[in-house]
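Structural description and commentary
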Amino acid sequence: MDSMESLFSLRGHVGLVTGASSGLGVECARALAIAGADVALMARRADRLEALSAELREKYRVKALAVAADVTVDADLEKALERAVAELGKVDILVNNAGIAPVGSAQKISREVWEQTLAVNLTAPMMLAQKVARRLIVNKMPGRIINITSVLGQVASSLYRIPAYIASKAALANLTRELAVEWAPYGILVNSIAPGWLSTEMTELGLEQPEQRQRMELFTPLGRIGRPEELRGAIIFLASPAASYVTGSMLAVDGGYQAW
Ligand SMILES: NC(=O)c1ccc[n+]([C@@H]2O[C@H](COP(=O)([O-])OP(=O)(O)OC[C@H]3O[C@@H](n4cnc5c(N)ncnc54)[C@H](OP(=O)(O)O)[C@@H]3O)[C@@H](O)[C@H]2O)c1
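Residues numbered from 1 in each chain as written. Predicted model: local features only at pLDDT ≥ 70, side-chain atom pairs only at ≥ 80, totals over all residues. Heavy atoms only, no water.

1. Thoughts on the overall build of the protein
Within the protein, the regular secondary structure consists of 9 helices and 7 strands. Compactness check: the protein gives a C-alpha radius of gyration of 18 Å against a globular reference of 18 Å for 260 residues, within 12% of the reference. Taken along its principal axes, the extent of the C-alpha atoms in the protein is 50 × 40 × 35 Å. Burial status across the protein gives 48% buried among its 260 residues. When the accessible surface of the protein is totalled, it reaches about 12,200 Å², and 54% of it is carbon and sulfur. Counting 27 positive and 27 negative side-chain charges, the protein places the averaged centre of each group 1 Å from the other. (Helix = DSSP H or I, 4+ residues; strand = E, 2+ residues; numbered from the N terminus. Rg over C-alpha atoms; globule rule 2.2 N^0.38 Å. Buried < 20%, exposed > 50% of the residue type's maximum accessible area, 1.4 Å probe, protein only. Areas by Shrake-Rupley, 256 points an atom, 1.4 Å probe, with all protein chains shown as cover. Lys, Arg positive; Asp, Glu negative; His and termini not counted. Charge placed at Lys NZ, Arg CZ, Asp CG, Glu CD.)

As structure tokens, then:
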């Protein structure tokens, strides 16, 4: 690996990104396309996926496919994955990014909200990783799985009461390590990225409140909110040949949030 191309090119690979209809998922998809991978885009809002796939084809000259699906519905996942494999040839990079963060205290949270949060943030990444890994193992192909967790999978939130989110992200972080161990013999490397506060639809309400924004900035050593595109480098790295000896790790993209 003695050139930028051999270290970081994803040409010949196919990524599947969940939650690609907004925020960080859009940037994960752009990152893979910038590095040359073909990309399948998954979320429920099909119109947004179609618009992004057109952008990726046009701007980065890769194949891009919208595969609308609700990640909590197993049959949807199977159908969407099958379509991605049929039209793009394979899926050997999975980015489990879709997530929700309903606000509500531990005293009040309903079983329904708790279960829905775990279904999107934890069960769906597991089920999709299983489906992707099974195919790779049967075909004796290596692969990469990147789970988007959160700094709030490591510590409690200083700002919002989001018990289900916190629990789901902590579980996803440790599930990442388990999958890394289990699938290492097959050359499937599994890592997570833990973003701090980045500006997306998920955080926009908080960011509109000057007091909340100030607290987010105060708790971040770099002193500012992250831009969604600042996730791109981490995605490319973990998907690339450069990360061939990296598995079971968590990469923080958080402006230093976890450093103090
Ligand atoms: N922004 C931050 O500061 C931050 C920090 C740490 C971690 N994260 C994590 O980063 C990931 C992306 O968050 P974001 O900030 O980009 O939020 P966002 O803009 O709200 O995007 C969430 C994405 O998840 C998808 N999604 C939600 N439920 C789904 C379902 N049932 N089936 C399919 N897709 C579903 C949404 O698509 P549809 O609605 O179209 O289905 C959307 O594309 C999440 O896992 C989040 O926890 C974000």
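2. Focus on the site of the ligand
In the region of the ligand, 30 residues are neighbours, and Ser21, Ser22, Arg44, Tyr165 and Thr200 sit closest. Arginine 44 places a side-chain nitrogen or oxygen 2.7 Å from an oxygen atom of the ligand. In the model, an oxygen atom of the ligand is placed 2.7 Å from a nitrogen or oxygen of the asparagine 97 main chain. In isolation the ligand has 880 Å² of accessible area, and contact with the protein removes 95% of it. Comparing atom positions with the cavity grids shows the ligand to sit within the largest pocket. Going through the elements one at a time, helix 2 (23–34) and helix 6 (163–183) are the ones with two or more residues in the shell around the ligand. Split into classes, the residues belonging to the shell around the ligand amount to 14 nonpolar, 11 polar and 5 charged. (Near = heavy atom within 4 Å. Polar contact = N/O pair within 3.5 Å; in protein donor to acceptor, adjacent residues only side chain to side chain. 1 Å grid on protein atoms, 1.4 Å probe; cavity = no way out; pocket = protein on both sides within 12 Å on 5 of 7 lines; lining within 4 Å. Sits in = over half its atoms within 2 Å of the grid points. Nonpolar A, V, L, I, M, F, W, Y, C, P; charged D, E, K, R; others polar.)

3. Observations regarding the nonpolar core
Generally speaking, a soluble globular protein has its nonpolar side chains buried in company with each other. By size, the foremost hydrophobic cluster in this structure holds 35 residues, and its most contacted members are Leu32, Leu56, Val95, Ile193 and Ile235. Elements with a minimum of two residues in this core: helix 2, strand 2 (38–42), helix 3 (46–60), strand 3 (64–66), strand 4 (93–96), strand 5 (143–148) and helix 9 (232–239). No other element matches the 7 residues that helix 2 contributes to this core. With residues near it in sequence (within four places) discarded, leucine 32 still touches Leu10, Gly15, Val17, Ala37, Val39, Ile93, Val95, Ile235 and Ala239. Formed by 32 residues, the second largest nonpolar core is a distinct cluster that contains Ala40, Val71, Val120 and Ile188. (Core = buried A, V, L, I, M, F, W, Y, C linked by side-chain atoms within 4.5 Å. Contact = heavy atoms within 4.5 Å.)

4. Some thoughts on the side chain of lysine 169
Within the element layout of this structure, lysine 169 appears in helix 6. Buried charge without a salt bridge: lysine 169, with aspartate 254 as the nearest opposite-charge side chain at an N-O distance of 14 Å. Those residues in contact with lysine 169 that sit more than four places away from it in its chain are Asn121, Ile148, Thr149, Ser150, Leu152 and Gly153. (Salt bridge = Lys/Arg side-chain N within 4 Å of Asp/Glu carboxyl O.)

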